[in-house]
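Structural description and commentary
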Amino acid sequence: MTKFQIVAATGCPTGIAHTYMAQEALEQAAKKRGISIKVETHGQIGIENALTAEEIEAADAVIIAADKDVQAERFVGKKIIDVPVASGIRNADQLIADALDGAGKIKQSKQSVPTDKEEVAVSGIGHTIYKNLMNGVSHMLPFVVSGGVLIAISFLWGIYSADPTNAQYNEFAARLNGIGGFAMSMMVPILSAFIAESIAKRPGLVVGFVGGLIAADGGTGFLGGIVSGFLAGYVVLGLMKALVLLPKSLDGLKAIFLYPVLGVLITGLIMDFVSGPMATINEAMMSFLAGFENSSPFVLGIIVGCMCAFDMGGPINKAAYVTGTALLAQGNTSFMAGVSAACIAPPLITGFAVLFFGKYFEANEKNAGLVNFILGSTHITEGAIPFAAKDPLRVLPIMMFGSSIAAVLTYLFKVQVPAPHGGFLVLPVVTHGLLWVSAILAGSIAGGLLLGLVQKRKVAKQRMDVKA
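Definitions and cut-offs
- Residues numbered from 1 in each chain as written.
- Predicted model: local features only at pLDDT ≥ 70, side-chain atom pairs only at ≥ 80, totals over all residues.
- Heavy atoms only, no water.
- Helix = DSSP H or I, 4+ residues; strand = E, 2+ residues; numbered from the N terminus.
- Buried < 20%, exposed > 50% of the residue type's maximum accessible area, 1.4 Å probe, protein only.
- Contact = heavy atoms within 4.5 Å.
- Areas by Shrake-Rupley, 256 points an atom, 1.4 Å probe, with all protein chains shown as cover.
- Phe/Tyr/Trp six-rings, centres within 6.5 Å; stacked < 30°, edge-to-face > 60°.
- Pairing = 2+ DSSP bridges.
- Axes fitted to C-alpha atoms, helices over the stretch in contact; angles between N-to-C directions.
- Salt bridge = Lys/Arg side-chain N within 4 Å of Asp/Glu carboxyl O.
- Patch = residues over 30% accessible without salt bridge, like charges linked within 9 Å, V, L, I, M, F, W, Y side chains within 5 Å.
- Parallel < 35°, antiparallel > 145°, perpendicular 65-115°, else oblique.
- Left-handed = near helix turned anticlockwise from the far one by under 90°.
- Nonpolar A, V, L, I, M, F, W, Y, C, P; charged D, E, K, R; others polar.
- Core = buried A, V, L, I, M, F, W, Y, C linked by side-chain atoms within 4.5 Å.

Quick word on the overall build of the protein chain
Counting its regular elements, the protein chain contains 18 helices and six strands. Across the 468 residues that make up the protein chain, the buried fraction comes to 51%. Considering only intrachain contacts with a sequence separation of at least 6, the fraction spanning at least 24 residues in the protein chain is 72%. As displayed, the protein chain has an accessible area near 20,900 Å², and 65% of this comes from carbon and sulfur atoms.

Considering the environment of Ile398
Topologically, Ile398 is positioned in helix 17 (residues 392-412). Residue contacts for Ile398: discarding those within four places in its chain leaves Ile349, Gly447, Leu450, Leu451 and Val454.

Comments concerning the packing of aromatic side chains
With the rule as written, the count across this model stands at five aromatic pairs. On the basis of an interplanar angle of 85° and a centroid distance of 5.1 Å, the ring pair of Phe352 and Phe373 is categorised as edge-to-face. Placement of Phe352 in helix 14 (residues 334-356) and of Phe373 in helix 15 (residues 363-377) is noted, with a sequence separation of 21 residues between them. For Phe373, a relative accessible area of 22% corresponds to the partly exposed category. When the centroid spacing of 6.0 Å and the interplanar angle of 90° are considered together, the rings of Phe424 and Trp436 count as edge-to-face. With Phe424 in the loop between helix 17 and helix 18 (433-467) and Trp436 in helix 18, this residue pair connects regions lying 12 residues apart in the sequence. Just as Phe424 is buried, Trp436 falls in that class too. An aromatic cluster is built from Phe352, Phe356 and Phe373, whose rings are joined through pairwise contacts.

With respect to the sheet that holds strand 2 (residues 36-43)
As summarised here, the arrangement of the six strands in space is 3-2-1-4-5-6, forming an open sheet in which the pairing is mixed. What marks the edges here is a single partner per strand, and that holds for strand 3 (46-48) and strand 6 (105-106). Here strand 2 runs beside strand 3; their pairing, made up of three bridges, is antiparallel. Paired with Gly43 across the strands is Gly46, a residue of strand 3. Seen against the sheet, helix 1 (residues 18-32) touches strand 1 (5-11), strand 2, strand 3 and strand 4 (61-66) and runs at an angle of roughly 180° to strand 2.

With respect to the pattern of salt bridges
Any two side chains of opposite charge can pair, given that their charged atoms come close. Across all of its chains, the model carries six salt bridges by this definition. A salt bridge links Glu40 to Arg74, with the nearest nitrogen and oxygen atoms 2.8 Å apart. Placement of Glu40 in strand 2 and of Arg74 in the loop between strand 4 and strand 5 (79-83) is noted, with a sequence separation of 34 residues between them. Of the residues examined, Arg74 reaches a relative accessible area of 25% and is grouped as partly exposed.

A few points about the pairing of strand 5
Taking burial as the measure, the five residues of strand 5 include four buried ones, the bulk of the element. Sheet topology note: the strand 4/strand 5 ladder contains four bridges and is parallel. Bridge pairing in strand 5 places Val62 opposite Ile80. As paired elements, strand 5 and strand 6 share two bridges and run antiparallel to each other. Bridge pairing in strand 6 links Ile80 to Lys105.

A word on the environment of Val145
For Val145, the location among the structural elements is in helix 6 (residues 125-154). Given the relative accessible area of 25%, Val145 is considered partly exposed. Along the primary structure Val145 and Gly422 are separated by 277 residues, whereas in three dimensions their C-alpha atoms are 8.2 Å apart. With near-sequence residues (within four places) excluded, Val145 lies in contact with Tyr321, Pro420 and His421.

Some points on a nonpolar patch on the surface
A contiguous nonpolar patch, built from Leu355, Phe356, Leu370, Leu441, Ile445 and Leu449 and spanning about 480 Å² of accessible area, is present on the exposed surface. Counting residues per element, the ones that place at least two in the nonpolar patch are helix 14 and helix 18. If one sorts the elements of the nonpolar patch by residue count, helix 18 sits on top with three residues. For Phe356, the location among the structural elements is in helix 14.

Re the packing of helix 12 (residues 297-310) against helix 17
Packed helices, taken two at a time, are described by the angle between their axes plus the distance between the axes. Look at helix 12 against helix 17: their axes get within 7 Å of each other, and the N-to-C directions meet at 140°. Regarding the angle of helix 12 to helix 17, the classification is oblique. When you trace helix 12 past helix 17, the crossing you get is right-handed. The segment helix 12 lies against helix 17, with Pro297, Phe298, Leu300, Gly301, Ile302, Val304, Gly305, Cys306, Ala309 and Phe310 engaging Leu396, Met399, Met400, Ser403, Ser404, Ala407, Val408, Tyr411 and Leu412. Residues belonging to the contact of helix 12 with helix 17 are distributed by class as follows: 15 nonpolar, four polar and no charged.

With respect to the nonpolar core
Core analysis: the biggest nonpolar cluster contains 49 residues, and Val137, Met140, Phe222, Val304, Cys308, Phe335 and Val339 have the highest contact counts within it. Ranked by the residues each element gives to this core, the list is headed by helix 8 (residues 187-200), at 10 residues. Contacts of Met140, omitting those with residues within four sequence positions, involve Met187, Ile190, Leu191 and Phe222. Within the second largest apolar cluster, 26 residues are counted, among which are Cys12, Met312, Ala353 and Ile380.

Structural data, given as structure tokens:
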């Protein structure tokens, strides 16, 4: 009897934690059932453990646990279970069981024109839109992080060290600032290009990139990049459908000439038309968010704290993080300080919980909690997910509470963080760095004590039930 074989692909927007946690969960779930599985990961460093054509052909089922494009067109004729990456972490056992039961949708045929109906049937409209957006975000983040950190390092010579007319001017710092600025300036075009690429594959890439350049030039900011990306992707899809009747011999001409020329023309004209109104909306949105900081750090801190801790790396968390990076690109370094604090807190909460109440946690939980001191300190929120996944109704409110304390105090202390990532590694360039650390520790310890008490009560109840 031939052994049942599964192939899988995992990927999250940042490609740092969720991707590999889903891989491990699927591999462990398959191992329990004696099922053969190979999991391909789409992380920040690229594709690892790549699936070969032979492995895909031999597979009895395909599991895609991803919030980004993982080239699903390779799985033509295979039964596909397509879920968000978080489901790959939390529901791995069920996904393996579903694969064994023959669940999923069969990808009917390989086409030059992607079929939205098929994709919607598998994953739903909302997840499809989110996937396309996060494909852009995941490719954009390295530009933002590298540029933001270099600009932040340049501030070590003074906040005006890149200004040749100022006494603080330093030539090397100015070079760092300029290089970082170039990287940051690619944020909107890259975002737009890879949203379009996720929708229309390679033909959408150039159209999305040009649309993003127009959006950036028109002052539409991050919002313009999102609009131009989706516009470019669907313009190219429309061209694919409109030109499908052309002879097969002209396929090369379509790819190299018709799609890019017509796509750039149509997308460019539309973006030129909407850039003015969008720039106004973008400026109003940035001013609105920035205004909260000055008017009510409590309200802003609670909003940011709850958003960052609610799904820890998911769409709500990413909405806060992306807003922070967008404002950072506009020169607002205060908003990101609260976002960073709120993202750092959840893993540290689990660390303090196992440190204070270690005897109430299992050995693997204690190990994970201690490792989370490192993950949290480097701004990797996802380390807290295993704790939240086991008891979300109790754990998530605690995470949101601790993150809110950290964010509120950060805004009250008027901390400024000029880098979008890095955690405590960027402390040398943080304004009021010690107060920032104090704010994060306050929220994390408060959350850790609550989480530990909840775990203690839970264990005590379990012991009482066993005695009864």
